[in-house]
Amino acid sequence: MKYILFILTILTFSSIYGQTGLTSYSADLPAPDSLEVELIDIEKSDYTFFFRLHLSGQTIEIYSKDNKTYNGKIVNSIKEYNQIKIDDDYRTKATKIYTEKVPIKKSKATSLAQQIIESGQILIPTDTLIESWTRWYLHCGSLKFELKNDGKYLEQSFHCPWSQPDSVEFKDVILSNYDLLKEELKLDSIYQGFWSQLPKGKTYSRNGYGMTYIMTDEQETAWKKDKPRRDYLKSIQDTVDTYLRTELD
């Protein structure tokens, strides 16, 4: 059933993107920047227009050399982590990176590029130059952009735009472009398709903080089989917790 669903997912995406392919390389093999996704230097490139959005484990790029024909791609990535012995101690370290490049159809890339240009984002300053932009929110991500238009290159970073008051200047433009890309390119579904191809029995992280272990088929079967026992223990715990709360009250 999972195999059938995966095939249907690929067929659905083919109308917007193209053929996908999972690639990987290990820390013990020659690789650019030691387990980092290799991206071109936009500022030094010969592209007249380039838009890049950095997300956790996902990079979106739309570009053109003549401002007439636009292309683009989504780069998915994630690192595999293992326990490595270092100086008589074991530490969790990234040992392999998996990447996938998903091309965006020209018609879709052209439409998105035109909307981004018309939004005026290329003229917006980074958040440190916006007086009303709050940068003290904890445990909240940022949107990081690289843009190039008519030879002008700039980097933009916007800390926690979702929590900024509606009165903050440029918030609506930044979030509108982000939501546009997320919806039109189906970014969450694309990453889920990438995730479903990863080898099982491994631990992964997009950012080096939150770790996720993907169980093997055998482990998943055993986990489901053990559910009645876990539910029983949970019911005992709930009974004890309720009793203790009642006694304390």
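Anything mentioned here points back to the structure above.
Now for a look at the structure at hand. (Residues numbered from 1 in each chain as written. Predicted model: local features only at pLDDT ≥ 70, side-chain atom pairs only at ≥ 80, totals over all residues. Heavy atoms only, no water.)

1. Things to note about the nonpolar core
Soluble globular proteins tend to pack their nonpolar side chains together in the buried interior. Residues Phe51, Leu53, Ile62, Ile74, Phe145, Leu181 and Leu185 are the most contacted members of the largest nonpolar core, which totals 32 residues. The biggest single contributor to this core is helix H3 (residues 171-184), with 6 residues. Leave out the neighbours within four places in its chain, and Ile62 touches Phe49, Phe50, Phe51, Asn71, Gly72, Ala109, Leu112, Ala113, Ile116 and Leu181. Grouped together as the second largest cluster of nonpolar side chains are 7 residues, Phe194, Leu198, Tyr204 and Ile214 included. (Core = buried A, V, L, I, M, F, W, Y, C linked by side-chain atoms within 4.5 Å. Buried < 20%, exposed > 50% of the residue type's maximum accessible area, 1.4 Å probe, protein only. Helix = DSSP H or I, 4+ residues; strand = E, 2+ residues; numbered from the N terminus. Contact = heavy atoms within 4.5 Å.)

2. Notes on the environment of Ser24
Residue placement: Ser24 occurs in strand E1 (residues 22-26). We classify Ser24 as partly exposed; its relative accessible area is 40%. Along the primary structure Ser24 and Glu100 are separated by 76 residues, whereas in three dimensions their C-alpha atoms are 8.6 Å apart. Excluding residues within four positions of it along the chain, Ser24 makes contact with Lys96, Ile97 and Tyr98.

3. Some details on the pairing of strand E5 (residues 89-104)
Each regular strand carries side chains that alternate between the two faces of the sheet. As paired strands, E1 and E5 are joined by 5 bridges and run antiparallel to one another. Directly across from Ser24, in E5, lies its bridge partner Tyr98. Pairing of strand E4 (residues 71-86) with E5, which is carried by 15 bridges, proceeds in the antiparallel orientation. Looking at the pairing, Lys85 lines up with Tyr90 of E5. (Pairing = 2+ DSSP bridges.)

4. Considering the pairing of strand E7 (residues 152-159)
With 8 bridges joining them, strand E6 (residues 142-149) and E7 adopt antiparallel strand pairing. For Leu143, the partnering residue across the bridge sits in E7 and is Phe158. The loop that links E6 with its antiparallel partner E7 comprises 2 residues; one of these, Asp150, has a positive phi angle of about 50°.

5. What about the pattern of salt bridges?
What the rule picks out here adds up to 14 salt bridges. For Arg229, the salt bridge is made with Asp226, and the minimal N-O distance between the two is 2.7 Å. With relative accessibility at 47%, the residue Arg229 sits in the partly exposed group. Taking the shortest distance from any N to any O, the salt bridge between Lys227 and Asp231 comes out at 2.8 Å. Of this pair, Lys227 and Asp231 both sit in helix H6 (residues 227-248), separated by 4 residues, roughly a single helical turn. In this structure Asp231 comes out as partly exposed when scored by relative accessible area, which is 41%. Where salt bridges share partners, they join Arg52, Glu61, Lys73 and Glu146 into one cluster. (Salt bridge = Lys/Arg side-chain N within 4 Å of Asp/Glu carboxyl O.)

6. A word on the state of the cysteines
Summed over the entire model, instances satisfying the criterion amount to 1 disulfide. Put simply, Cys140 and Cys160 are joined by a disulfide, and their sulfur atoms are 2.0 Å apart. In this structure, the disulfide formed by Cys140 and Cys160 twists by about 85° around the S-S bond and is classed as right-handed. Remark: Cys160 occurs in the loop between E7 and H3 and Cys140 occurs in the loop between helix H2 (106-119) and E6; sequence separation between them is 20 residues. Residue class for Cys160 comes out buried when judged on its relative accessible area of 1%. (Disulfide = S-S within 2.5 Å.)

7. A look at unusual backbone geometry
Within the chain, His139 stands out as a residue other than glycine whose phi angle is a positive 55°. Examined against the element boundaries, His139 turns out to sit in the loop between H2 and E6. With a relative accessible area of 85%, His139 lands in the exposed category. Its identity is not glycine, yet Phe170 carries a phi of approximately 75°, on the positive side. Examined against the element boundaries, Phe170 turns out to sit in the loop between E7 and H3. Exposure remark for Phe170: the relative accessible area of 23% places this residue in the partly exposed category.

8. Quick look at the layout of surface pockets
The space that makes up the largest pocket amounts to roughly 820 Å³. His54, Leu55, Ser56, Gly57 and Gln58 are the residues nearest the centre of the largest pocket, which is lined by 29 residues in total. Mapped onto the lining of the largest pocket, the elements with two or more residues apiece are strand E2 (49-55), strand E3 (58-64), E4, E6, H3 and helix H4 (187-195). Broken down by element, the lining of the largest pocket gets its largest block of residues, 4 residues, from E4. Considered class by class, the residues forming the lining of the largest pocket number 11 nonpolar, 11 polar and 7 charged. (1 Å grid on protein atoms, 1.4 Å probe; cavity = no way out; pocket = protein on both sides within 12 Å on 5 of 7 lines; lining within 4 Å. Points joined across faces, edges and corners; volume = space filled by probe spheres on them. Nonpolar A, V, L, I, M, F, W, Y, C, P; charged D, E, K, R; others polar.)

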